[in-house]
Protein chains: 2
Amino acid sequence: MTDTAPLDPRQLTAYLALKDVAALLEHAVEQQLKEDGGLTTPQFQILATLADAPDGRRRMTDLADGLVYSRSGLTYQAAQLEKAGLVTRASAEDDERSVIVTLTEAGRAVLFKVMPGHIEVVRRLFLTPLGDADITAITDILGRVRAQMRSAPPRSAKPRRTRS
Amino acid sequence: MTDTAPLDPRQLTAYLALKDVAALLEHAVEQQLKEDGGLTTPQFQILATLADAPDGRRRMTDLADGLVYSRSGLTYQAAQLEKAGLVTRASAEDDERSVIVTLTEAGRAVLFKVMPGHIEVVRRLFLTPLGDADITAITDILGRVRAQMRSAPPRSAKPRRTRS
DNA sequence: TATTGTTATACTCTATAACTATA
DNA sequence: TATAGTTATAGAGTATAACAATA
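Please read these numbers as outputs of a predicted model, since none were measured by experiment.

Engineer: So what's going on with the pairing of strand S3 (residues 99-103) of chain A? Which residues, and what values?
Structural biologist: Residues and elements named next belong to chain A. Burial within S3 is extensive, with 4 of its 5 residues counted as buried. Bridge count for strand S1 (residues 57-59) against S3 is 3 bridges, and the pairing is antiparallel. Bridging across to S3, Arg-58 finds its partner in Val-101. Judged from the 5 bridges that link them, strand S2 (residues 87-91) and S3 form a sheet pairing that is antiparallel. Looking at S3, one finds that Val-87 is bridged to Leu-103.

Engineer: Could you give an account of the sheet that holds S1 of chain A, with specific residues and numbers?
Structural biologist: All names here are of chain A. With antiparallel pairing, 3 strands are arranged side by side in an open sheet as S1-S3-S2. The sheet terminates laterally at S1 and S2, the two strands that pair on one side only. Shown here is a sheet whose adjacent strand axes are inclined to one another by a mean of 25°, direction ignored. Seen against the sheet, helix H2 (residues 41-52) touches S1, S2 and S3 and runs at an angle of roughly 90° to S3.

Engineer: How would you summarise the nonpolar core if you had to cite specific residues and measurements?
Structural biologist: Ranked by size, the top nonpolar core spans 85 residues in total, and within it Phe-126 of chain A together with Phe-126 of chain B carry the most contacts. Broken down by element, this core gets its largest block of residues, 10 residues, from helix H1 (residues 9-37) of chain B. When residues no more than four places from it in sequence are discounted, the contact partners of Phe-126 of chain A are Leu-25 and Val-121 of chain A together with Ala-14, Tyr-15, Leu-18 and Val-145 of chain B.

Engineer: Help me get a handle on the pattern of salt bridges, residues and values and all.
Structural biologist: This structure, assessed with the given rule, holds 17 salt bridges over all chains. We note a salt bridge from Asp-140 of chain A to Arg-144 of chain A, for which the minimum N-O separation is 3.0 Å. With a gap of 4 residues between them, Asp-140 of chain A and Arg-144 of chain A both fall in helix H6 (residues 132-151), about one helical turn apart. With a relative accessible area of 43%, Asp-140 of chain A lands in the partly exposed category. Notably, a salt bridge pairs Glu-120 of chain B with Arg-124 of chain B, separated by 2.9 Å at the nearest N-O pair. Residue Glu-120 of chain B and its partner Arg-124 of chain B are both found in helix H5 (residues 105-127); the two are separated by 4 residues, about one turn of the helix. Judged by its relative accessible area of 17%, Glu-120 of chain B is buried. Exposure remark for Arg-124 of chain B: the relative accessible area of 33% places this residue in the partly exposed category. Where salt bridges share partners, they join Asp-20 of chain A together with Arg-146 and Arg-150 of chain B into one cluster.

Rules behind the numbers
- Residues numbered from 1 in each chain as written.
- Chains lettered and ligands numbered in written order.
- Predicted model: local features only at pLDDT ≥ 70, side-chain atom pairs only at ≥ 80, totals over all residues.
- Heavy atoms only, no water.
- Buried < 20%, exposed > 50% of the residue type's maximum accessible area, 1.4 Å probe, protein only.
- Helix = DSSP H or I, 4+ residues; strand = E, 2+ residues; numbered from the N terminus.
- Pairing = 2+ DSSP bridges.
- Axes fitted to C-alpha atoms, helices over the stretch in contact; angles between N-to-C directions.
- Contact = heavy atoms within 4.5 Å.
- Core = buried A, V, L, I, M, F, W, Y, C linked by side-chain atoms within 4.5 Å.
- Salt bridge = Lys/Arg side-chain N within 4 Å of Asp/Glu carboxyl O.

As structure tokens, this is what we get:
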């Protein structure tokens, strides 16, 4: 049986606080990325993910899994980034079906240009009122929540539907 | 002087955990609202805000302030909701410039229909791994962050970055 | 047959600026 | 002049389904 009784007020408050903070933070970050580097949030996420990967290279599918996008959405974003010269796309050598996305020097440069402002926004809006213990608590609690979510993935994160 | 030194790893982890959890939760909620009631997230937010107001009535401006939207965005959403019969719009009696948005019975019904699933998703993905102490901690910490955000000076006040 | 990725299409959402009208 | 809201426009993002190519 699924529990659909109303949330008690304390739970509701916690949920609303999370949503509120996330929304305001996302909004501020979006502004900053656009102003400092002409990047949208999804574009920044892709570039940042690539920058974290060995040689700045990733398969499309691996990128799509790490982020929340659909494959077609990622194709669109990758095309935008390629047009802007921030990434390149090429077939994988070992599997001709796969496409390897690679961060270019220009891509790295944009990321480099954008990071200070990004950090500044996160610090100013999110980290300022948090002490060490708060950081620990947030990480611990949200880490547990994230694990829970990953073990019960939302519909969009499900593997692609197999044809019948 | 703005601090743009890199975030220490623990701070970064906390930030990423927040973003991750918020993104996954938003995505799951979006799916559920669409499936159970044909509502988008912004539409649900507006209906829920109205349901919380006395008589289910609010001025457009007050709605826009509570949510994060621009006025034109809210006008668009209100028009969609009105077309669907879930709200009505009428000029305020005391100020002819203002528009009062009112939740209809149909609007209340949709909200009623959607809430159990909404609660179930929030509970399953977010609340399940949280104890009482976690709820308290989250609420306290994020409450402080939210207060900080609302009082933080806008970034536009800062001097513009030098051209490259 | 399954997997990887793209394309075609259609729609939602959002922001900016110009506009109307009321205060 | 300032405020409340709408409209026109234009663009970005997304998902779904159909498609091609490779494994």
